[in-house]
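Here are the chains, one letter per residue:
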Amino acid sequence: MAPGLLAVDEMRTARVGSLQEGLVLETQAQVGDHVATQSLLATMHGHAVHDAWAGYRKAMAARRHADNELAYAVEAHERAKRLYADKAVSLQELQRAELERAAATESLDVSKAEVIRSIEELKHTGVEASPSPSEETQQGTDEASEQIAVRSPIGGIVLERLVTPGTTVTPGSPMFVLSDLSTRVK
């Protein structure tokens, strides 16, 4: 027998830390488990996700309101053009309708930008959202969509689990150590 050193290949090892402040709700991976890339390791609750969803819902409501305002302004402008052609309203009233239409268009552009910003904020917290028609009418979100998923960046074996349900974590808190043990270093 010869003495030897057993070590993991650091190039094939991942130390998974928290990206958000939160409370660990469940740990799906245990020491010794083999996990694939993007496997769910744990779920957390964090105020950042809750706040991001609230911002998204607010932005979607503002966009719907701006859509309605623009539709009304377009109709009012078209009506003012017809009435002006018939000499039933003054040029000033037609110009006011044009300004209101332009303002409503700008308001819609601003609200669309806010929706995009809120989607980016959700992505930053690990949640995917898109302004599809079904989501636009959604009044709330279920509890699972407000949870933060902690996923494995690599496939391998869970060597350490440093959190349990109920653990409070901050950004950078170590949570799991994973390593791909499929190759040996000589």
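Residues numbered from 1 in each chain as written. Predicted model: local features only at pLDDT ≥ 70, side-chain atom pairs only at ≥ 80, totals over all residues. Heavy atoms only, no water.

Undergrad: Could you clarify how one ought to interpret the environment of Val169 in this entry?
TA: Mapped onto the secondary structure, Val169 falls in strand E7 (residues 168-169). Once the C-alpha coordinates of Val169 and Ser18 are considered, the two residues, 151 residues apart in sequence, prove to be 6.7 Å apart. Once residues lying within four places of it in the same chain are set aside, the contact partners of Val169 are Ser18, Gln20, Glu21, Gly22, Val24, Met44 and Val163. (Helix = DSSP H or I, 4+ residues; strand = E, 2+ residues; numbered from the N terminus. Contact = heavy atoms within 4.5 Å.)

Undergrad: Quick question: what am I supposed to make of the sheet that holds strand E6 (residues 156-161) here?
TA: Note on sheets: strands pair through backbone hydrogen bonds, and any given pair is parallel or antiparallel. The strand order across the open sheet built from 4 strands is E1-E8-E6-E3, with neighbouring strands paired in antiparallel fashion. The open sheet has two edge strands, strand E1 (13-17) and strand E3 (34-35), and neither has a second partner. Strand direction decides the pairing type here: E1 and strand E8 (residues 174-179), joined by 5 bridges, are antiparallel. The residue of E8 that forms the bridge with Gly17 is Pro174. (Pairing = 2+ DSSP bridges.)

Undergrad: What am I meant to see in the side chain of Ser118 here?
TA: Mapped onto the fold, Ser118 is located in helix H2 (residues 91-124). Beyond its immediate stretch of four places on either side in the chain, Ser118 contacts Gly55, Tyr56 and Ala59.

Worth remembering: the numbers are spatial, not functional.
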